[in-house]
4 protein chains.
Amino acid sequence: MRVKLLAHTPEPDNLVAAAARLCYSGADIATIKMRLQGDKAASMVAKLLALGHESPLEHVSFTFGIEGVSRALSHQLVRHRMASYSQQSQRYVAEEDFEFITPPTIADSAEAGREFLAAIGAIRRAYSSLLLHVPAEDARYVLPNACATKLVATLNARSLYNFFALRCCRRAQWEIRALAWEMLRLVRDVAPHVFDQAGPGCLSVHGCSEGQMSCGSPYSKSELDGGKDEPDRRA
Amino acid sequence: MRVKLLAHTPEPDNLVAAAARLCYSGADIATIKMRLQGDKAASMVAKLLALGHESPLEHVSFTFGIEGVSRALSHQLVRHRMASYSQQSQRYVAEEDFEFITPPTIADSAEAGREFLAAIGAIRRAYSSLLLHVPAEDARYVLPNACATKLVATLNARSLYNFFALRCCRRAQWEIRALAWEMLRLVRDVAPHVFDQAGPGCLSVHGCSEGQMSCGSPYSKSELDGGKDEPDRRA
Amino acid sequence: MRVKLLAHTPEPDNLVAAAARLCYSGADIATIKMRLQGDKAASMVAKLLALGHESPLEHVSFTFGIEGVSRALSHQLVRHRMASYSQQSQRYVAEEDFEFITPPTIADSAEAGREFLAAIGAIRRAYSSLLLHVPAEDARYVLPNACATKLVATLNARSLYNFFALRCCRRAQWEIRALAWEMLRLVRDVAPHVFDQAGPGCLSVHGCSEGQMSCGSPYSKSELDGGKDEPDRRA
Amino acid sequence: MRVKLLAHTPEPDNLVAAAARLCYSGADIATIKMRLQGDKAASMVAKLLALGHESPLEHVSFTFGIEGVSRALSHQLVRHRMASYSQQSQRYVAEEDFEFITPPTIADSAEAGREFLAAIGAIRRAYSSLLLHVPAEDARYVLPNACATKLVATLNARSLYNFFALRCCRRAQWEIRALAWEMLRLVRDVAPHVFDQAGPGCLSVHGCSEGQMSCGSPYSKSELDGGKDEPDRRA
């Protein structure tokens, strides 16, 4: 999995703070923006998050380049509708030596690993043969969920809050969970205040939303801040 | 492919007509609704469509049960974000004898057909073996795009107009095109006036949107009305 | 304020239950729907809400006719973007004897009431005079927020949950709060199970979202069920 | 009216071009981005627009500070739902000497101008009196549509295309049309290729969408490019 933050709205903390301030102020926008530099932006954003006033978070958006993830993951990812996607097409791009993603549970089992690799090999051969007879868009019916894909995805900070709450969660599948944690790390680097409360539900203001299906082992705040000590994403 | 219209807003023509009329009338809503029965609703809706005033179409929604379609199709379908989906999960439902979709080009070629069936067989065996070692959510990495899935999908009439324009089009893949034409037939049965201008771009008011990539062979209006004479969906 | 439920997806409990069940079942949709009649639908929906699994709620939508509300209210209402609106236009419908909404605090104060009525009178005269010189779309610049408007609004159950959480809340303005409680009453009549957990944040599963701005006096569940004993909407 | 482009996704042409290219390429994202500098991005974007392939336009967003516009305009503006807004609240910010917007048709008529100013004066006095008795959120019921407001608005390029098509149109009201043309000028400055085909429907690829309600006098391309020679916005 290779994830890169390709672009984002500049100075996100300042912009979110100014938009939030505008709602309750008689001052003009330029004045508000000017006043909300540095620490003042940070404390305005903190106040905003404490109040559950989420709409100003929508003004800043983040664009990710995502490669080496499975089509199983991309099918889950594009279910997040408050987002924009451009994805490599299997209709137009033939993938004779397609890269594939191996689930850790399979990699960790000698027998499962053998079965998996043998199946991938059989699929590759079938796909190449099919390409001799039918268009790529039809040959791809034999390609597996494991097949790697590439996307450009853009989400605003409010939508990312929701994405992180659901997908950083231990109940999310390991692959999209690893992606979510990596995206979280990337945006916290460039917008630490905006994303100060972002993370799995158990670390965000409202708490776990899984109800009776809760995993029972919430992340701790230190895991969020830990960088290297990040939670085991396969758990 | 099995497609059923599970539910829809009752009396869609009347509701769309009343909502449209409201914008330009001083009368109250009950009076407007009462006046817009039968032919009057039909002519109000026709006027609306002629003016390109699409927003009243959003008030009526249509819920489809869709089965026996591939995961290749469902990945395309859920890219339509102005819609609601519930899809059978491959994480929670194991599919040892999964149903699969065979593209017509493969079915029509003896050699491709053989290759395809052999690959599906190999995948099935690998999937069953993997299930002995790993959870279904990981074993499914070996499952193919051809694997059948089930969805409940709800779209309002405005979103359906857009869906039909893009997916009834000859440039759409055969499978989602067949689904789109079937959905179009189902909604035209219950809301003939609302969907009078719906169909592939070439049959709708604005015309083909494919620009230089146009297929060059627009559908004719009679194909839309023809029922049995529907266009060859594999073309 | 006159609010009417103009239309809704038929049998909402059954449809939501079937869509939810589909995600975790290998059975076909017709079988699932058939099995989920009456009490079984109710208990499936209850389970769904307990798990915070909200997406199946999107399959059912509700269309309201709303009249005798102010333009102050409609400006707030249309900020809910997961919804569809048709609103009477002030550009095309002249409103020489426009109906107007009087805030209870103004009605309750003799002096404020007098000031308010005098101002409305002056505005009406100015509007009528302006209509002699300029188009209605420009004359309306003098019309007040109090001016009554009419809308048709359609929201699905998931969006309604969010609308109720924010707008049934004591921190919402009295007028949209009265509208929200009335809409809640109407949908609970036709879809009691689907809306069993709906209401102001303090009565819903996640609790108050106002943080430090909380009103400090949560509604009690009995107020929700009480019908006549509904909370004072001006509080 | 004061409109400022507060922020935007950096290098919009390059990002849109890279996202579009990704769909049809086997190369990795970094390579694609690197290759699409300058003229190459421009020609990729041009190709994209010619094909009506709009989704990559969503990856770049633009944030505007808008001041000195009427509440009549803001009520129209927020009907564009593919957008994010933060607006100065009339509930929390008292407006005793509120700024107001005068429609040109009123300013141009001596009699209408007098009537209008007199009414604004009466409203101001009533508003100040009401503030002595009731909260600002209720006193504001007497405030007119003409009352000035401030917003921060963020839209992506695809949503802006739609906004410009509808609101640069001669059939839009003069005030939001002036706003739309000003926003168009601002984004064409920073993303000339991305917005090369943007403008009123009559100047965009699909043509006028007003059907039988067309104004009959389409803008000419030179008006779009003209800067100073911009169309009379009151027409």
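For clarity, every value in this text was computed on a predicted model and none was experimentally measured.

Trainee: How should I be thinking about the overall build of chain A in this particular structure?
Mentor: Regarding its fold elements, chain A presents 10 helices and 4 strands. When its helices and strands are written in sequence order, chain A yields β-α-α-α-β-α-β-α-α-α-β-α-α-α. The 235 residues of chain A split such that 61% are buried. Counting contacts in chain A only where the partners sit at least 6 residues apart, residues at least 24 apart contribute 75% of the total. Here chain A has roughly 8,800 Å² of accessible surface; of this, 50% comes from carbon and sulfur atoms. Positive and negative charge centroids in chain A, built from 27 and 26 side chains respectively, lie 3 Å apart.

Trainee: It is not clear to me how the pattern of salt bridges should be interpreted in this structure. Could you clarify?
Mentor: Note on pairing: side chains with opposite charge can pair once their charged atoms come close. All names here are of chain A. Inspection of the entire model under this criterion finds 24 salt bridges over all chains. A salt bridge links Arg185 to Glu182, with the nearest nitrogen and oxygen atoms 2.7 Å apart. Placement of the pair is Arg185 and Glu182 together in helix α9 (residues 174-190), with a separation of 3 residues, close to one helical turn. The class for Glu182 is buried, based on a relative accessible area of 16%.

Trainee: Would you take a moment to explain the pairing of strand β3 (residues 84-87) of chain A for this structure?
Mentor: As a general feature of sheets, a regular strand has side chains that alternate between the two faces. Residue and element names in this part refer to chain A. With burial as the criterion, each face of β3 is covered, one bearing Ser84 and Ser86 and the other bearing Tyr85 and Gln87. As paired strands, β3 and strand β4 (residues 148-156) are joined by 4 bridges and run antiparallel to one another. Each residue of the ladder has a partner; that of Gln87, found in β4, is Leu151.

Trainee: When you look at the packing of helix α1 (residues 12-22) of chain C against helix α3 (residues 38-50) of chain C in this model, what are you seeing that I'm missing?
Mentor: A pair of packed helices is characterised by two quantities: the angle between their axes and the separation of those axes. All names here are of chain C. The interhelical angle for the contact between α1 and α3, taken along N-to-C directions, is 60 degrees, at an axis separation of 8 Å. Relative to α3, the element α1 lies oblique. The way α1 lies across α3 gives a crossing that is left-handed. Contacts between α1 and α3 involve Asp13, Asn14, Val16, Ala17, Ala20 and Arg21 from the former and Ala41, Met44, Val45 and Leu48 from the latter.

Trainee: How do you make sense of the environment of Gln88 of chain A when you look at a structure like this?
Mentor: By secondary structure assignment, the location of Gln88 of chain A is in the loop between β3 and α5 (104-107). Assessed through its relative accessible area of 6%, Gln88 of chain A is described here as buried. The spatial distance from the C-alpha of Gln88 of chain A to the C-alpha of Leu203 of chain A is 34 Å, given a sequence separation of 115 residues. What Gln88 of chain A contacts, discounting residues up to four positions off in sequence, is Arg71, Val93, Thr149 and Lys150 of chain A together with Leu22, Cys23, Ser25 and Gly26 of chain D. Here the side chain of Gln88 of chain A touches Ser25 of chain D through a polar contact of 2.8 Å, landing on its backbone oxygen.

Trainee: Help me understand the domain arrangement of chain A in this model?
Mentor: Accessible area lost upon the coming together of the parts is a frequently used measure of interface size. Residue and element names in this part refer to chain A. Taken domain by domain, chain A holds domain 1 (2-85 + 149-229) and domain 2 (91-146). Distance from the C-alpha centre of domain 1 to the C-alpha centre of domain 2: 34 Å. Contacts between the two partners involve 8 residues from domain 1, matched on the other side by 8 residues from domain 2. At the surface where domain 1 touches domain 2, the tally comes to 1 salt bridge. One salt bridge connects Arg2 with Glu99, and the closest N-O pair in it is separated by 3.6 Å. Here domain 1 and domain 2 share 2 residue pairs in polar contact (both at pLDDT 80 or more) between them. Among the elements that take part in the side of domain 1 that touches domain 2, strand β2 (residues 61-70) stands out by supplying 3 residues, more than any other. Partitioning the side of domain 1 that touches domain 2 into residue classes produces 3 nonpolar, 2 polar and 3 charged.

Trainee: Looking at this model, I keep getting lost on the interface of chain B and chain A. Mind explaining?
Mentor: Between chain B and chain A, the residue contacts involve 49 residues of the former and 49 residues of the latter. Both sides of the chain B and chain A interface together cover about 4,200 Å² of buried area, and 53% of this is carbon and sulfur. It is His75, Tyr141 and Asn145 of chain B that lose the most area in chain B upon contact with chain A, and together they represent 19% of the buried surface on that side. Remark: the boundary between chain B and chain A carries 0 salt bridges. Seen at the junction of chain B and chain A, the total is 33 residue pairs in polar contact (both at pLDDT 80 or more). Broken down by secondary-structure element, the contributors of at least two residues to the side of chain B that touches chain A are α4 (71-77), β3 (84-87), α5 (104-107), α6 (110-133), α7 (136-139) and α9 (174-190) of chain B. With 11 residues, α6 of chain B is the single largest residue contributor to the side of chain B that touches chain A. Across the side of chain B that touches chain A, the residue classes break down as 24 nonpolar, 14 polar and 11 charged.

Conventions used here
Residues numbered from 1 in each chain as written. Chains lettered and ligands numbered in written order. Predicted model: local features only at pLDDT ≥ 70, side-chain atom pairs only at ≥ 80, totals over all residues. Heavy atoms only, no water. Helix = DSSP H or I, 4+ residues; strand = E, 2+ residues; numbered from the N terminus. Buried < 20%, exposed > 50% of the residue type's maximum accessible area, 1.4 Å probe, protein only. Contact = heavy atoms within 4.5 Å. Areas by Shrake-Rupley, 256 points an atom, 1.4 Å probe, with all protein chains shown as cover. Lys, Arg positive; Asp, Glu negative; His and termini not counted. Charge placed at Lys NZ, Arg CZ, Asp CG, Glu CD. Salt bridge = Lys/Arg side-chain N within 4 Å of Asp/Glu carboxyl O. Pairing = 2+ DSSP bridges. Axes fitted to C-alpha atoms, helices over the stretch in contact; angles between N-to-C directions. Parallel < 35°, antiparallel > 145°, perpendicular 65-115°, else oblique. Left-handed = near helix turned anticlockwise from the far one by under 90°. Polar contact = N/O pair within 3.5 Å; in protein donor to acceptor, adjacent residues only side chain to side chain. Domains from an automatic or database assignment. Nonpolar A, V, L, I, M, F, W, Y, C, P; charged D, E, K, R; others polar. Buried area = accessible area lost by both parts, 1.4 Å probe.

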